[in-house]
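Here is how the chains run, residue by residue.
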Amino acid sequence: MQEYIEIIKKRRSYYNLSEDVDLSNEEIKYLIEDVLNITPSHMNSQTTRVLLLFDDKSKDFWKRVNETFDNKIKEEKFHGFYHAKGTALIFIDKDEIKAQEKNIPSYKEYFETWGHHSAAMVQLNIWQALRDEEIGASNQHYNPVIDSWVKELYEIPDSWELIAEMPFGKIEEEPEEKDKKPIHEILRVIE
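In this text, all values refer to a predicted model and were calculated from it rather than measured experimentally.

Bringing the environment of alanine 129 into the picture now. If you trace the backbone, alanine 129 turns up in helix H6 (residues 111-132). For alanine 129 and isoleucine 28, which are 101 residues apart along the polypeptide, the C-alpha to C-alpha distance reads 9.7 Å.

Put into structure tokens, the structure is as follows:
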């Protein structure tokens, strides 16, 4: 168990990234395939979708994101995103959610929330799996502002809703430690 806790501790939001990673694109793809195949989802729904962009495709993506925001992404963040090895775009398939709502109407109001929970587990598992391979990442949210051109450029089905963008690459600098709330404020135990 301690090994798993150490992996969790190493996972941070890394912004200073480069493309000089030890894994090939193919190895990263297989790693993310494994994560998608083993991450649980509500009622085995598998509503999360991932689009991987590597190298120049990732650079082009971040250039377009920055242009969409009138080149106002902070320089240090943009530099890391642009020079990263790749980017994972995370989506939820809304058609799958609608099918669940139709098939099990008694839970209709919960399926979208559960879809987001499933996607969050995929994001965290990708983030941790990459970090275990000495690859840093961060979870970004430039959606929904970029949604229309992302769907057009990458021919994304209308039913896929973009929920996060995860640049990843070689860790060039460790981030500063973040303050944490005292554990007694966030954990209650009743025995």
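From this point on, the discussion continues.
This part covers the packing of helix H5 (residues 94-103) against H6. Following both chains from N to C, one finds H5 and H6 inclined at 135 degrees, their axes separated by 9 Å at the closest point. Taken as axis vectors, H5 and H6 run oblique relative to one another. In terms of crossing hand, the pair formed by H5 and H6 is right-handed. Here H5 contributes Lys94, Ile97, Gln100 and Glu101 to the contact with H6, which in turn contributes Phe111, Glu112 and Gly115. Here the residues of the contact of H5 with H6 are counted per class, giving two nonpolar, two polar and three charged.

The residues that UniProt annotates with the feature "domain: Nitroreductase" (unreviewed entry) are residues 8-170. Secondary structure within residues 8-170 divides into 48% helix and 19% strand; the distance between the first and last C-alpha atoms comes to 18 Å.

All right, on to helix H2 (residues 25-38) then. Under the 1.5 Å per step criterion, the end-to-end length of H2 is 20 Å for 14 residues, consistent within 8% with the ideal 20 Å. Regarding H2, the residues found buried are Ile28, Leu31, Ile32 and Val35. Viewed along the axis of H2, the buried residues span an arc of 90 degrees, placing them on a single side of the element. Those residues of H2 that are exposed and angled more than 90 degrees off the buried face are Asn37 and Ile38. Those residues of H2 hidden inside the fold are in contact with strand S2 (48-54), H6, strand S4 (135-137) and strand S5 (160-171).

For the rest of this paragraph, the subject is the environment of aspartate 20. With respect to the helices and strands, aspartate 20 occurs in the loop between strand S1 (17-18) and H2. Considered as a pair, aspartate 20 and glycine 169 are 149 residues apart in the sequence and their alpha carbons are 7.1 Å apart.

This paragraph deals with the environment of aspartate 56. Counting through the fold element by element, aspartate 56 comes out in helix H3 (residues 55-68). Put simply, aspartate 56 and tyrosine 82 are 26 residues apart on the chain and 9.1 Å apart in space, counted from C-alpha to C-alpha.

Summarising burial for S5: 10 of the 12 residues are buried, a large majority. Sheet topology places S1 next to S5; two bridges connect them, and they run antiparallel. Within S5, the residue paired with serine 18 across the bridge is lysine 170. Pairing analysis gives three bridges linking S4 to S5, with the strands arranged antiparallel. Looking at S5, one finds that alanine 137 is bridged to phenylalanine 168.

We now examine the packing of H2 against H6. Taken N-terminus to C-terminus, the directions of H2 and H6 make an angle of 140 degrees; their axes are 9 Å apart at the nearest point. As the angle between them shows, H2 and H6 are arranged oblique. Here the hand of the crossing between H2 and H6 comes out right-handed. Each of Ile28, Leu31, Ile32, Val35 and Leu36 in H2 lies in contact with H6, whose residues at this interface are Val122, Asn125, Ile126, Ala129 and Leu130. Per-class residue counts for the contact of H2 with H6 are nine nonpolar, one polar and no charged.

Cut-offs used in this document
- Residues numbered from 1 in each chain as written.
- Predicted model: local features only at pLDDT ≥ 70, side-chain atom pairs only at ≥ 80, totals over all residues.
- Heavy atoms only, no water.
- Helix = DSSP H or I, 4+ residues; strand = E, 2+ residues; numbered from the N terminus.
- Axes fitted to C-alpha atoms, helices over the stretch in contact; angles between N-to-C directions.
- Parallel < 35°, antiparallel > 145°, perpendicular 65-115°, else oblique.
- Left-handed = near helix turned anticlockwise from the far one by under 90°.
- Contact = heavy atoms within 4.5 Å.
- Nonpolar A, V, L, I, M, F, W, Y, C, P; charged D, E, K, R; others polar.
- UniProt positions renumbered as here; feature names shortened; annotations may be inferred.
- Expected span 1.5 Å × (residues − 1).
- Buried < 20%, exposed > 50% of the residue type's maximum accessible area, 1.4 Å probe, protein only.
- Arc of directions from axis to C-beta.
- Pairing = 2+ DSSP bridges.

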